[in-house]
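The residues making up each chain are set out below.
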Amino acid sequence: MSKIRPLGNRVLIKRSKPQATKGGILLPESAQEKPKEGIVVQIGPGSVDENGHKEQMNLKIGDRVLFSSYAGTEVKDLGGEEDYLIVEEKDVLGILS
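I will try to describe carefully the structure that is included in this document. (Residues numbered from 1 in each chain as written. Predicted model: local features only at pLDDT ≥ 70, side-chain atom pairs only at ≥ 80, totals over all residues. Heavy atoms only, no water.)

Points about the pairing of strand β3 (residues 64-67)
Taking every second residue as pointing to the same face, the buried face of β3 carries Val-65 and Phe-67, while none of Arg-64 and Leu-66 on the other face is buried. Two strands pair when backbone bridges link them, and strand β2 (residues 37-43) and β3 are joined in this way by three bridges, in the antiparallel orientation. By the bridge assignment for β3, Ile-39 is matched with Arg-64. Of the strand pairs in this sheet, β3 and strand β6 (residues 92-96) are connected by four bridges, and their pairing is antiparallel. Within β6, the residue paired with Val-65 across the bridge is Ile-95. (Buried < 20%, exposed > 50% of the residue type's maximum accessible area, 1.4 Å probe, protein only. Helix = DSSP H or I, 4+ residues; strand = E, 2+ residues; numbered from the N terminus. Pairing = 2+ DSSP bridges.)

Below, the structure is given as structure tokens:
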């Protein structure tokens with residue numbers, strides 16, 4: 001698990017691994033489109049509105065989510081093996097069931 005803890009209304013998402021094509025061909029990493037889904041592994045405490053009230057986060061750890069293509073900031077864990085993405089909760093398009 002990553003040691004990164006998102007702040008505000010941001011979430012840390014572990015990006016899903018690329019899959020083989022429908023024909024079973026696995027493309028080189030440079031030619032693959034990055035997956036737009038992943039698992040929420042950490043959530044921030046939420047943001048504070050203009051009146052000083054804390055806003056509730058809609059996502060929870062373990063949610064499988066779909067996010068926009070250019071959302072967030074890519075980060076690697078301290079070991080450099082896992083790809084993570086830090087996004088604002090508003091950039092998450094939906095929860096997959």
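Some thoughts on the side chain of Glu-89
Secondary-structure assignment places Glu-89 in the loop between β5 (83-88) and β6. Although buried, Glu-89 forms no salt bridge, and the nearest oppositely charged side chain, Lys-60, lies 11 Å from it. Each residue touching Glu-89, except ones within four places of it in the same chain, is listed here: Asn-9, Gln-56, Met-57, Asn-58 and Leu-59. (Lys, Arg positive; Asp, Glu negative; His and termini not counted. Salt bridge = Lys/Arg side-chain N within 4 Å of Asp/Glu carboxyl O. Contact = heavy atoms within 4.5 Å.)

Quick word on the pattern of salt bridges
Evaluated as defined, the whole model comprises four salt bridges. A salt bridge links Arg-64 to Glu-37; the nearest nitrogen and oxygen atoms lie 3.5 Å apart. A residue pair is termed long-range when its members are at least 10 positions apart, and Arg-64 in strand β3 and Glu-37 in strand β2 qualify at 27 residues. Residue class for Arg-64 comes out partly exposed when judged on its relative accessible area of 35%. The exposure class of Glu-37 is partly exposed, given its relative accessible area of 27%. Put simply, Lys-76 and Asp-83 hold a salt bridge, and the shortest N to O gap is 2.7 Å. Asp-83 gets classed as partly exposed once you look at its relative accessible area, which sits at 32%.

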